[in-house]
Structures are given as C-alpha cells and as structure tokens.
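Observations on chain architecture
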Protein chains: 4
Amino acid sequence: MTDVTGPTVEDTTAWWSTSITRIAPGEIDLRGYPIEQLIGKLGFVGAIWLLTKGSLPTPAQSRLLEAAMVASVDHGPQAPSIASARMAATCGVGINGAIANGVNVLGDTHGGAGQQCVELLCAIVDTARHDGRPVTEVAAETVAEHRARKAYLPGFGHRFHPRDPRRDVLLTLVREAVDTGEVAGEHLRAALAVEAALARGSRKPPMNVDGITAVVYAELGVEPELARGYFVLARSVGILAHAWEESNSGRRIKGPLPPPLLADYTGEPTRDFEG
Amino acid sequence: MTDVTGPTVEDTTAWWSTSITRIAPGEIDLRGYPIEQLIGKLGFVGAIWLLTKGSLPTPAQSRLLEAAMVASVDHGPQAPSIASARMAATCGVGINGAIANGVNVLGDTHGGAGQQCVELLCAIVDTARHDGRPVTEVAAETVAEHRARKAYLPGFGHRFHPRDPRRDVLLTLVREAVDTGEVAGEHLRAALAVEAALARGSRKPPMNVDGITAVVYAELGVEPELARGYFVLARSVGILAHAWEESNSGRRIKGPLPPPLLADYTGEPTRDFEG
Amino acid sequence: MTDVTGPTVEDTTAWWSTSITRIAPGEIDLRGYPIEQLIGKLGFVGAIWLLTKGSLPTPAQSRLLEAAMVASVDHGPQAPSIASARMAATCGVGINGAIANGVNVLGDTHGGAGQQCVELLCAIVDTARHDGRPVTEVAAETVAEHRARKAYLPGFGHRFHPRDPRRDVLLTLVREAVDTGEVAGEHLRAALAVEAALARGSRKPPMNVDGITAVVYAELGVEPELARGYFVLARSVGILAHAWEESNSGRRIKGPLPPPLLADYTGEPTRDFEG
Amino acid sequence: MTDVTGPTVEDTTAWWSTSITRIAPGEIDLRGYPIEQLIGKLGFVGAIWLLTKGSLPTPAQSRLLEAAMVASVDHGPQAPSIASARMAATCGVGINGAIANGVNVLGDTHGGAGQQCVELLCAIVDTARHDGRPVTEVAAETVAEHRARKAYLPGFGHRFHPRDPRRDVLLTLVREAVDTGEVAGEHLRAALAVEAALARGSRKPPMNVDGITAVVYAELGVEPELARGYFVLARSVGILAHAWEESNSGRRIKGPLPPPLLADYTGEPTRDFEG
C-alpha cells in the first residue's frame with residue numbers, strides 16, 4: 001500500500017516513457033512515422049538506424065551500416081557464441097533461447113573489440129582536435145603508449161587471419177564515402193595511422209573486422225556502446241543460422257565432445273568421505 | 001584419458017561440422033560465397049536469407065522478408081521483452097546481456113504466435129492438397145474445430161489493436177507477389193479463409209502482425225521454427241533501441257515501479273520463528 | 001498519458017504484489033518471518049523450502065530435499081549446460097552471465113526429465129486413487145502403453161550409467177521416511193512398479209537420478225514445475241564451480257575445439273557471387 | 001579437415017579437463033568423493049563449498065556460508081532481477097529460462113557490490129599487512145580517498161533501509177567465529193573501521209547486506225568473483241520463488257504496467273514518411 005500523497009499513476013507511466021514507439025488502438029508510429037508507411041518502403045537496415053538513432057538514415061549511412069553488418073554475420077562454430085547457440089538448440093529451449101545464449105556471450109572479450117576500437121578512434125580524433133595536432137601524430141603516440149605497457153590494441157591483428165578478408169572491401173567503401181564528402185574521414189585516418197604505426201613493429205597486425213567496422217561506425221557518429229549493439233544484431237544472424245542448422249540435425253543434449261569421449265579428469269583421486 | 005582405438009580427432013571436428021561458413025587463413029566463405037564479394041553488394045536481409053536458407057534470395061524473397069521484418073521491429077515498452085532489456089541495461093551488464101534477456105523471453109507465449117500460425121497455415125494447405133479440397137473449406141473446418149474446443153487461433157485478433165495497422169500493407173505486398181506469380185498464394189488464401197470464417201462469429205478477430213507475417217513466411221517456404229527466428233532478429237532491433245535509450249538515461253538498477261513505490265505484500269503477517 | 005478515471009497507482013503496486021517477501025525501512029520478512037530471526041538458525045535448504053512452499057519444512061522435508069539437491073549438483077563438462085557456462089566465463093561477461101547461460105539450457109530435453117517424471121508418477125497415483133486400483137497395476141499399464149508407442153519414459157535409464165550411483169542411496173532415504181510415516185510412499189511404489197515393469201523388457205532401464213529425485217519431490221508434494229526449479233538450483237552449483245574453474249584458467253574466448261582445430265565444413269564449394 | 005600431424009583427440013579431451021567431477025560408468029566422484037557417500041550426509045551448503053573450493057568445509061565455513069546465503073535470498077519484486085524472472089515466467093519459457101533472466105542481470109551494478117566490497121576489504125588488509133600498519137588506519141585513509149573523489153563505497157549504505165536488518169545478526173556470527181579463533185578477524189576489523197570512518201561524515205551509511213556478507217566471504221578466504229557466485233546462488237532462490245509464484249498466477253505476457261496502462265510517449269509527433 002502506498003501513501004496517497006505520494007507517487008501517482010502518471011509517475012508509473014512516466015517511469016517507462018520512451019521516444020521510440022507510440023502505440024494507440026490501430027496505430028503504431030516508429031520515431032513518429034506510421035508503421036504502415038514504412039513497411040515495404042524502408043529497408044530493414046534503415047529501420048535499425050531509425051529506431052536506434054531517431055531519424056531516417058542518409059544513403060551513405062544506410063550503405064555503410066549495411067556493409068558493416070553483412071561483414072559481421074558469422075565466423076563459424078569455433079566461436080563460443082555460435083557453439084553455445086548450437087548446443088542450446090539441442091536442449092529443448094525455443095530458438096529464442098538458443099539465440100539468447102549466443103548473444104549473451106558477446107561480452108567485453110568476445111564481442112567488445114569493435115566497441116573498444118570505436119572508443120580508441122574517437123579518443124585519438126578528439127585529442128587531435130583539442131590539441132590542434134594531426135591525427136596521424138596522435139595515433140602514433142597512442143600506439144607507442146600501448147606498446148610501452150604491452151597493451152593490446154582492439155581492432156588490429158587476428159589470431160586466425162594474417163590478413164582479414166573483410167578489411168579491404170570495407171575500407172574501399174569508407175574511402176568512397178570520404179571522397180564524396182558523405183563522411184569526414186578523420187576516424188579513417190586515425191585507424192590507418194594506427195595501422196601504419198603498428199606496421200613499424202615486428203608483428204605488423206593489420207586492421208581486422210572489428211577495426212574496420214569501428215571505422216565505419218565512428219565515421220557515422222555511432223556511439224561505442226551502440227556499435228556493439230549493431231555487432232550483436234549482425235552476429236545474431238549467424239547465431240540463428242547455426243542454431244537452426246543444429247536444430248535440424250535432430251541431436252539431443254549436444255555437448256562439446258562427441259560421445260563416448262569424456263573430458264579429462266585432473267582432480268583428486270577417489271577418496272572416502274568421513275562425514 | 002580416452003581409448004586409443006576409440007574416436008579420433010576427426011570425430012571431434014566432424015561433431016562441430018557446418019555447411020554455413022568456411023574459414024581458412026585469409027578466407028571466409030558464407031554458403032560458398034567469398035565474404036569480400038558480398039560486402040557492399042548483398043543487403044543485410046539477403047545475408048539473413050543466405051545464411052539461414054543456403055542460397056541467395058530472389059527479389060520477391062528479399063522484398064517480402066524485408067517488409068515482414070520491418071513490420072516486427074517494435075511494439076513499445078509494455079512488452080516484457082522490451083521491459084526486460086531496459087531493466088537489464090541499468091544493471092551493469094553489457095548491451096549484449098540486455099539484448100539476450102529481451103530475446104530470451106520471446107518464448108512460446110510472447111514470441112511464438114507467428115511460428116504457430118505458420119504451422120496452422122501449412123497444416124491447412126497440406127490437408128487441402130492431400131484431400132483434394134479447397135483451402136477455404138479446410139480453413140472453415142479448422143476454425144469450427146477451434147471454436148468447438150474454445151481454442152485460440154494464433155495470428156488472429158489483438159488484445160490492443162481492434163485492427164492491426166501492419167495487416168493491410170503486408171497483405172497488399174503478398175497479393176502483388178501472387179499476381180506476378182512470385183509466390184503461389186495458397187497460404188494467403190488459407191489465412192484469408194480463416195479470417196473470413198472468424199468474421200462470421202461474434203468477436204471477428206482480424207489477422208494481426210503474427211498472422212500476416214506468417215502468411216509471408218509460409219508463402220516463402222520458411223519453416224515454422226525459422227519463422228520464429230526471423231521474428232527474433234526483427235524484434236532484436238526494438239530490444240536494442242530500448243536498451244540503448246535506457247542506457248542513456250543513466251538510471252541504475254531500474255525496477256518495474258518508480259521508487260518509492262513498493263509492490264503490495266499479500267502474504268503472512270509478521271510471525272516469530274521458533275527455530 | 002492515461003485516463004484519469006482509469007487505473008490508479010494502487011493498481012500498479014497490486015500488479016507486482018507478492019506473498020513471499022515484505023520489506024519496510026529496516027525490515028525484511030520472508031513469508032512473515034523477520035529475516036534476522038532466520039539468519040544463522042534456518043538452513044539454506046530450509047530457506048529454499050520456505051520461500052517456494054510458504055512454510056517452514058518439517059525435518060523430513062529438509063532432509064529429503066537436501067539429499068536430492070546434493071545428488072543433482074554436477075555431472076561434468078560434457079553436459080551442454082556446463083560447457084556453455086565454461087565458455088561464457090572466458091568471454092568477458094560476469095560470473096552471473098556465465099551461470100545464466102548454463103541455467104538457460106536446462107530446458108525440456110536437458111533439464112526437464114525430472115519434472116516429467118514427477119508428472120508421470122503423479123498421474124499414476126492419481127489414476128490409481130481415482131479408479132481404486134493398486135498403483136502397481138496402473139504403473140504396469142502405463143509402461144505397456146509407452147512401450148506400445150515406443151515412447152521414452154522420463155526418469156528411467158541413463159545413456160552413460162548402466163546403474164546410476166545416485167539411485168540406491170536416495171531410495172534408501174525415501175524408504176526410511178516411508179517407514180517412519182513421514183511420507184506416504186505411494187509415488188515411491190509407483191516408481192518401483194514402473195522400474196519392475198521395465199525390467200521385464202529387454203533393455204531393463206533402472207531409475208536414474210531424474211527418476212529417484214522425482215520420487216523425492218513427488219513424495220514431498222512438490223509440483224512438477226517447481227521440481228524442475230529445485231533441479232536448476234542444484235545444478236547451478238556445478239555450473240558455478242565450472243565457470244569459476246574456467247575463469248581461473250585465464251583462457252579467453254574458449255570455443256569447443258582447441259585451436260588450431262576447426263569445425264569441418266560440409267557446405268557448398270567456393271563460388272562467385274554474381275550480385 | 002585437420003592436419004594429421006596436428007592435434008590429437010587427447011588434446012580435445014584435455015581442452016575440457018576439470019578437477020571437479022569424475023564420471024565413469026556407474027561412478028560419480030565430486031572432488032574425489034563418491035557421490036553416494038555424500039548424499040544424505042553432506043549438506044547442500046557443504047556441497048557448494050566442496051565443488052567450488054575443492055575441499056570439505058570446516059564447521060565454521062559451513063555455518064558462516066549458510067548464514068550469508070540465507071541472508072541474501074530475496075528482497076522483493078522491486079528488484080529488476082526478480083521482476084525480470086516474474087515477467088519471463090509468463091512468456092512461455094521454462095522455469096529455467098525465467099531463472100536465467102533473473103540471474104543474468106545480477107551484473108556489476110545490481111549484483112556486484114558484494115564482490116567489490118570483498119575486493120575493498122582485501123585491499124585494505126593487504127595494504128595494512130604490507131606496510132605494517134593497523135587496518136583501522138588504512139581503512140580510514142581509504143574512506144578519505146573515496147570521499148575526496150566523491151566515490152561510492154560498495155557495501156555501505158542502502159537506498160531503502162536506514163539500517164539493514166541483516167547486518168547485526170551476521171556481524172554477531174562473524175564475531176563469534178573470531179572469538180573461537182575460527183576466522184582471523186582482520187577483514188571484519190577493516191569493515192568496522194570503514195563504517196566508523198564513514199560515521200564521522202554527514203551521511204553515516206552503515207554496513208549493508210553486501211558489506212556484511214563481504215566480511216563473511218573475505219574472512220573465509222573466498223575470492224571476490226566467487227563471492228559474487230555465492231550471491232547469485234543465494235538470490236536464485238528468491239528468483240525461483242517469484243517465478244514460481246508468477247507462474248501460478250496464470251498471467252500471460254506480463255509487462256511492467258497493468259493493462260490498459262501504457263508507457264508515456266515522449267518522442268516525435270506523427271509525421272509522414274517521404275520514402
């Protein structure tokens with residue numbers, strides 16, 4: 001029971017307020033646009049932009065976001081996100097549950113490099129602007145600092161691909177958008193300067209998919225956390241595809257090893273309990 | 001330790017086999033297509049189709065899938081999926097965790113009506129084909145049976161919208177595809193026959209978004225469970241948008257009621273524990 | 001904005017009403033008992049019973065629930081629930097996220113056999129009571145019916161253990177409680193009758209851990225779905241232990257196969273995209 | 001296909017190795033103890049300790065862990081973890097899915113204060129030991145530092161309880177264990193010194209449940225992340241109880257507001273899409 005002079009029912013509806021979607025009987029507006037005007041006209045990627053950013057995308061925004069998302073859909077069942085979804089699909093939860101388990105592990109380590117790279121590029125560009133220095137100089141300094149503390153630079157190098165096949169094609173798309181003036185190109189320059197500075201070391205890690213999609217997102221003004229959100233949406237496609245493939249296999253309770261293989265036991269030998 | 005005459009390492013890599021994505025150093029193929037050929041050329045919805053169905057979509061498949069997914073992106077924070085994601089976004093988990101919690105509750109009751117309606121429409125069409133009878137007749141019979149046992153027909157009627165604003169526009173798109181011969185139209189006829197039979201009752205529930213997207217998916221030959229998967233991908237957009245909006249609010253540990261409101265307590269009065 | 005003549009703020013606090021816990025500034029009652037009276041006096045298993053069943057457990061309820069839960073804590077990393085949690089622990093989500101992923105896959109197939117066996121035993125006992133027939137007769141009939149449609153009987157047989165080591169010890173505990181009159185024994189008799197009927201076939205599957213814990217729960221009057229809940233709590237212990245062990249390994253992004261092993265690719269050979 | 005001179009099947013079983021549980025046909029050992037020796041003899045809390053810490057608990061370890069866990073089982077449906085589980089229980093996912101959603105939001109902000117407080121207390125004690133200074137002095141210094149940067153001290157103060165009813169009773173239990181020499185008491189002294197230093201300010205936040213359970217865990221030598229794990233296990237009880245209560249309500253698709261209430265819409269007014 002609550003104090004009658006206290007909060008009102010309006011406080012409870014305000015607590016859940018949103019600027020994304022308005023509903024009324026027979027009406028649904030997304031960011032103000034009646035949904036029936038959007039269906040069949042606005043693309044799915046356009047709807048992603050509209051809902052998350054609040055306005056309709058420009059052609060460059062649509063094109064670059066679409067390309068970055070296609071680049072991120074899957075990397076195979078070795079990834080724990082995919083393996084988790086495939087196992088879940090055999091355990092008697094709906095496909096929603098399998099997707100949830102895949103998405104949930106796209107955490108700071110497994111799904112966060114893109115977000116971290118957007119942060120890195122934004123920090124370089126902001127410092128350069130603030131100090132009135134070229135981004136290349138700030139980028140080189142950043143690399144030197146990371147090297148000095150042996151820290152990992154998110155978005156560069158790949159433990160499997162010596163050269164990530166998604167880099168060049170996305171890079172070309174960003175460059176074209178810079179040439180046409182659709183995006184400013186500062187974050188691209190920052191990323192290329194980081195890559196160049198890294199290339200002067202022994203490992204020479206080129207930009208990976210997290211790095212080049214971070215360039216796309218940073219050029220589009222997408223906030224770092226939202227960039228992770230876009231990656232999650234994109235990888236959800238691979239997660240769904242794998243869950244669905246596994247679901248069709250008819251396997252039940254799939255573990256990591258095919259029976260009759262067992263995990264090694266490395267613990268205490270059998271001993272008696274003297275309870 | 002495992003028996004040396006037992007399973008081999010090849011059994012373990014076969015256990016995780018997939019036909020979706022092939023990777024090799026510097027190479028990623030999606031369903032056989034090198035990813036660098038797809039980025040910037042294939043749309044995101046095309047990639048969804050390619051990964052889940054195994055082949056490139058026809059223009060009709062792309063167009064209808066895109067429309068159905070845009071129709072499904074959001075319905076506001078009243079939905080438990082959205083509310084769950086918004087609350088999660090204030091609890092110190094990454095945005096991946098917030099999306100996972102939203103997706104996870106798209107279960108049989110909250111996210112399953114579309115899948116169930118695809119099953120219903122397929123059953124009607126299959127029975128009609130098998131028995132050599134018109135789908136309208138089988139549909140009317142199905143409605144009568146459901147009515148007799150007071151069962152709910154998934155995809156028809158909405159507890160909020162007297163008429164779902166997503167129905168007509170999607171219906172028009174499917175009809176156009178039937179007119180051009182891009183889809184066969186049997187499942188559309190089944191759904192319209194169900195709707196017509198229901199309209200002869202007192203409640204007259206029209207097709208809702210689950211029903212009309214089920215028509216799209218059934219006409220495209222999408223299996224019922226995969227149809228739920230597509231719905232999950234689509235609604236993930238709204239889930240992300242709401243999680244991101246809440247994340248920007250700066251709230252911490254958001255519960256269902258604004259403080260200082262408390263849930264009513266309806267249990268035992270205070271009593272002593274005689275342990 | 002909502003209609004002023006419509007719902008009140010009291011409707012919103014009633015919407016979230018509970019009979020489990022009452023809080024007031026400086027006060028927390030669990031099912032009516034001040035929490036400071038319970039801490040250090042009531043055992044953890046007692047608290048589980050109190051919160052879920054609403055009253056303090058009898059000694060038999062505590063003892064049997066505790067034994068059933070200890071029996072269910074773990075079965076090693078081959079299980080997808082455990083493997084999922086271990087992989088999650090390497091992906092940069094908190095240990096809560098790792099536990100959530102493990103718990104989430106305890107679905108109908110991986111974690112539901114106990115619940116289904118409680119339903120089975122209750123159905124046998126209810127039918128026997130209703131028809132005034134011995135449970136052994138109804139149990140034998142049930143087995144015959146299942147055999148006739150080649151259906152699986154939840155709670156009997158194990159794909160790894162010819163004889164489940166958890167069966168005998170729990171069975172003894174239930175028998176002792178029957179002997180002292182603490183539980184009625186009808187569900188135990190039903191389970192033994194099912195086991196005996198199965199033993200007259202070729203496979204002779206004895207009661208497994210799901211079966212014998214189902215006997216415990218059914219004898220205690222625990223509803224089938226709540227029985228699954230208890231199993232989830234128990235297995236959460238193993239899930240936590242494995243997540244924590246993996247977390248201590250320092251591995252990052254653990255997939256199902258040790259690098260450089262890759263899942264087999266069984267899909268289309270590389271082909272050109274003619275976009 | 002993998003290189004025949006590469007990894008062996010033994011590498012894959014080693015990849016999943018564990019020291020927690022050994023299984024063989026008919027045998028299950030937990031940390032070396034045959035499970036049939038533990039069932040009915042070892043308590044559930046003892047099993048939690050055994051699995052996570054690797055050895056049987058001493059009486060003090062059992063007693064204190066049990067008390068800390070009972071203290072943490074629930075705080076009502078205002079918490080997002082509980083509200084999430086209750087909503088999930090109405091969406092057609094199993095009770096495992098409802099528990100997973102509740103557990104998943106016990107993140108750094110909602111479930112991490114205990115872990116952070118263990119870290120704080122350990123840091124104070126370690127510094128004091130290292131510098132050969134009294135913990136009270138180091139604690140006072142720590143408080144001063146936090147105050148200077150207006151930082152929050154995890155484990156002290158509660159936004160609802162002026163005085164947390166769980167504090168005194170747990171404090172008494174820890175003191176008794178110090179008196180008997182069962183625990184050393186250094187972390188207790190650190191926590192009391194923090195509380196005393198805070199009491200010299202204007203807000204005077206006393207130790208809350210996160211603080212006093214952190215004292216328990218730190219005194220028991222439980223690592224900070226594992227302390228969060230224990231909290232997750234304990235709160236899972238409340239999560240289950242609430243999910244089960246909601247499940248029994250028969251509600252379907254429960255959102256945060258009772259219908260017909262709607263969240264406020266604060267976005268763009270309706271506008272036309274000029275696609």
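Cut-off values and rules
- Residues numbered from 1 in each chain as written.
- Chains lettered and ligands numbered in written order.
- Predicted model: local features only at pLDDT ≥ 70, side-chain atom pairs only at ≥ 80, totals over all residues.
- Heavy atoms only, no water.
- UniProt positions renumbered as here; feature names shortened; annotations may be inferred.
- Helix = DSSP H or I, 4+ residues; strand = E, 2+ residues; numbered from the N terminus.
- Rg over C-alpha atoms; globule rule 2.2 N^0.38 Å.
- Contact = heavy atoms within 4.5 Å.
- Areas by Shrake-Rupley, 256 points an atom, 1.4 Å probe, with all protein chains shown as cover.
- Lys, Arg positive; Asp, Glu negative; His and termini not counted.
- Charge placed at Lys NZ, Arg CZ, Asp CG, Glu CD.
- Least-squares fit on C-alpha atoms with pLDDT ≥ 70 in both.
- Axes fitted to C-alpha atoms, helices over the stretch in contact; angles between N-to-C directions.
- Parallel < 35°, antiparallel > 145°, perpendicular 65-115°, else oblique.
- Left-handed = near helix turned anticlockwise from the far one by under 90°.
- Nonpolar A, V, L, I, M, F, W, Y, C, P; charged D, E, K, R; others polar.
- Buried area = accessible area lost by both parts, 1.4 Å probe.
- Salt bridge = Lys/Arg side-chain N within 4 Å of Asp/Glu carboxyl O.
- Polar contact = N/O pair within 3.5 Å; in protein donor to acceptor, adjacent residues only side chain to side chain.
- Buried < 20%, exposed > 50% of the residue type's maximum accessible area, 1.4 Å probe, protein only.

- Chain A carries the name citrate synthase (unknown stereospecificity) in an unreviewed UniProt entry, which gives Actinosynnema pretiosum subsp. pretiosum as its organism.
- The UniProt entry for chain A carries the following text under Pathway (unreviewed entry): "Carbohydrate metabolism; tricarboxylic acid cycle."
- One UniProt comment on chain A, placed under Sequence similarities (unreviewed entry), says "Belongs to the citrate synthase family."

1. Describing the overall build of chain A
- Secondary structure summary: chain A contains twelve helices and three strands in total.
- Relative to a compact globule of 275 residues, whose C-alpha radius of gyration would be 19 Å, chain A shows 24 Å and is clearly more extended.
- With respect to the principal axes defined by its C-alpha atoms, chain A has extents near 70 × 65 × 45 Å.
- Long-range contacts, defined here as pairs at least 24 residues apart, represent 70% of the contacts in chain A between residues at least 6 apart.
- Carbon and sulfur atoms form 51% of the exposed surface of chain A, whose accessible area is close to 9700 Å².
- Where the 26 positive side-chain charges of chain A centre and where its 32 negative ones centre are 8 Å apart.

2. Looking at the relation of the copies chain C and chain D
- Once chain C is rotated about the relating axis by 180° and shifted along it by 0.0 Å, it coincides with chain D to within an RMSD of 0.0 Å. As the rotation angle and translation indicate, the two copies are arranged about a two-fold axis. Minimal C-alpha distance to the rotation axis in chain C is attained by Ala100(C), lying at 2.2 Å.
- Here 100% of the interface residues in chain C have copies in chain D that are interface residues too; the copies meet face to matching face.

3. Some details on the packing of helix 3 (residues 44–53) of chain A against helix 12 (residues 224–249) of chain B
- At their nearest, the axes of helix 3 of chain A and helix 12 of chain B sit 9 Å apart, and the two run at 20° to each other. As judged from the angle between their axes, helix 3 of chain A and helix 12 of chain B are roughly parallel. In terms of crossing hand, the pair formed by helix 3 of chain A and helix 12 of chain B is right-handed. Residues Phe44(A), Ala47(A), Ile48(A), Leu51(A) and Thr52(A) of helix 3 of chain A form the contact with helix 12 of chain B, whose participating residues are Leu233(B), Ala234(B), Val237(B), Gly238(B), Leu240(B), Ala241(B) and Trp244(B).
- In terms of residue class, the contact of helix 3 of chain A with helix 12 of chain B is built from ten nonpolar, two polar and no charged.

4. Some words on the interface of chain D and chain B
- The interface of chain D with chain B comprises 38 residues on the first partner and 39 residues on the second.
- Per-residue buried area on chain D facing chain B is highest for Gln78(D), Thr109(D) and Ile253(D); these three make up 17% of the total on that side.
- Viewed at the interface, chain B and chain D are joined by zero salt bridges.
- At the boundary of chain D and chain B, one finds 15 residue pairs in polar contact (both at pLDDT 80 or more).
- The element best represented in the side of chain D that touches chain B is helix 5 (residues 80–88) of chain D, accounting for five residues.
- Looking at side-chain class alone, the side of chain D that touches chain B contains 18 nonpolar, 15 polar and five charged residues.

5. Brief notes about the environment of Leu38(D)
- Here Leu38(D) is to be found in helix 2 (residues 35–38).
- The exposure class assigned to Leu38(D) is buried, which follows from its relative accessible area of 0%.
- In this structure, the C-alpha to C-alpha distance between Leu38(D) and Leu120(D), residues 82 residues apart in sequence, is 36 Å.
- Excluding anything up to four places from it in sequence, Leu38(D) contacts Phe273(A), Val70(C), Leu30(D), Tyr33(D) and Leu50(D).

6. Here's the deal with helix 6 (residues 95–104) of chain D
- In terms of residue burial, helix 6 of chain D counts as a mostly covered element, since ten of its ten residues are buried.
- Lining the buried residues of helix 6 of chain D we find helix 6 (95–104) of chain A, helix 6 (95–104) of chain B, helix 6 (95–104) and helix 12 (224–249) of chain C together with helix 5 and helix 12 (224–249) of chain D.

7. So, the interface of chain C and chain D
- Listed per partner, the contact involves 94 residues of chain C and 95 residues of chain D.
- Between chain C and chain D lies a buried interface of about 8100 Å² when both sides are counted; carbon and sulfur atoms form 75% of it.
- Of all residues in chain C, the largest losses of buried area upon contact with chain D belong to Trp15(C), Trp16(C) and Phe44(C), amounting jointly to 12% of the total for that side.
- Applying the counting criterion to the chain C and chain D interface returns zero salt bridges.
- Summed over the shared surface of chain C and chain D, the result is 28 residue pairs in polar contact (both at pLDDT 80 or more).
- The dominant element in the side of chain C that touches chain D, judged by the number of residues it contributes, is helix 12 of chain C, at 17 residues.
- The residue inventory of the side of chain C that touches chain D, partitioned by class, reads 55 nonpolar, 24 polar and 15 charged.

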